[in-house]
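Notes for the structure review
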Amino acid sequence: MMAMPSYNRNRRVSQVNRLWLLLIVLLTIGALPGHGQTNKEEERVKKVVVDAFQAIADLDLPKLRSYCQTDFVLLEDGQVWTIDTLENRLKPYLGTGMKRVNTIDFIKVTVKGPVAWVSYRNTADIVRDGKQRQVRWLESAVLEKTKGEWKLALLHSTVLNPKR
């Protein structure tokens, strides 16, 4: 007499096959080129923004320039500035003992090939001449990837009124 395969045995084999198929699909997706790259690139973009503002806080003008494209534009309080304008605005504070601590709260980071744009809240706690003040901005930036490095191309800054 011939043995008939049991329904339960076939069902178990089918479930195991589905699990193997799912595992293979997940492993294949994880190995695809570019998978996971977006988060890595987003982190690199954020780092450039944070480091550029740290260079401003440190009044390290050569380092600040290294984070910017040569044709960098800053839209600051209704004015159009270049990297030279920004440096000239910072130079009077060199050697004065001014302290600045930036807090950057990213809202959104988007990376599309060699271009990225970010939006964030920027808060600067500043101590100058023994007086403390806080300035808050809502900002956006466009970065371009040049020779494997992200650089600021455009920064738009809107000063927020103090909380009442």
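Right above here is the structure, for reference.
Residues numbered from 1 in each chain as written. Predicted model: local features only at pLDDT ≥ 70, side-chain atom pairs only at ≥ 80, totals over all residues. Heavy atoms only, no water.

1. Here we look at the nonpolar core
Let me state the cut-off plainly: By nonpolar core is meant a set of buried Ala, Val, Leu, Ile, Met, Phe, Trp, Tyr and Cys residues that side-chain atoms within 4.5 Å join together. Using a 1.4 Å probe on the protein chains alone, a residue whose accessible area is under 20% of its type maximum counts as buried, one over 50% counts as exposed, and one in between counts as partly exposed. Helix numbering and strand numbering both begin at the N terminus, where a helix is a DSSP run of H or I of at least 4 residues and a strand a DSSP run of E of at least 2. In what follows, a contact means two residues having at least one pair of non-hydrogen atoms within 4.5 Å.
The biggest cluster of nonpolar side chains holds 35 residues, and the ones touching the most others in it are Val49, Leu64, Leu86, Tyr120, Leu143 and Leu152. Contributing elements (two or more residues each) for this core: helix H2 (37–58), helix H3 (61–66), strand E1 (68–76), helix H4 (83–90), strand E3 (99–112), strand E4 (115–128), strand E5 (131–146) and strand E6 (149–160). The leading source of residues in this core is H2, at seven residues. Those residues in contact with Leu64, other than ones at most four positions away along the chain, are Ala52, Ala55, Ile56, Ile83, Leu86 and Leu90.

2. Quick word on the layout of surface pockets
Selection criterion: Cavities and pockets are found on a 1 Å grid laid over the protein atoms alone: a cavity is a set of points where a 1.4 Å probe fits but cannot escape, a pocket is an open set with protein on both sides within 12 Å along at least five of seven lines, and a lining residue has an atom within 4 Å of such a point. Grid points are joined across faces, edges and corners, and a volume is the space filled by probe spheres set on the points. Only Asp, Glu, Lys and Arg are considered charged in this grouping, and only Ala, Val, Leu, Ile, Met, Phe, Trp, Tyr, Cys and Pro are considered nonpolar; every other residue, Gly among them, is considered polar.
By volume, the largest pocket amounts to about 570 Å³. Around the largest pocket, the lining is made up of 23 residues, and of these Glu76, Trp81, Arg100, Arg133 and Trp137 lie nearest the centre. Of all elements in the fold, only H2, E1, strand E2 (79–82), H4, E4, E5 and E6 reach the threshold of two or more residues within the lining of the largest pocket. Ranked by residue count, the leading element in the lining of the largest pocket is E5, at four residues. Residue composition of the lining of the largest pocket, grouped by class: 13 nonpolar, three polar and seven charged.

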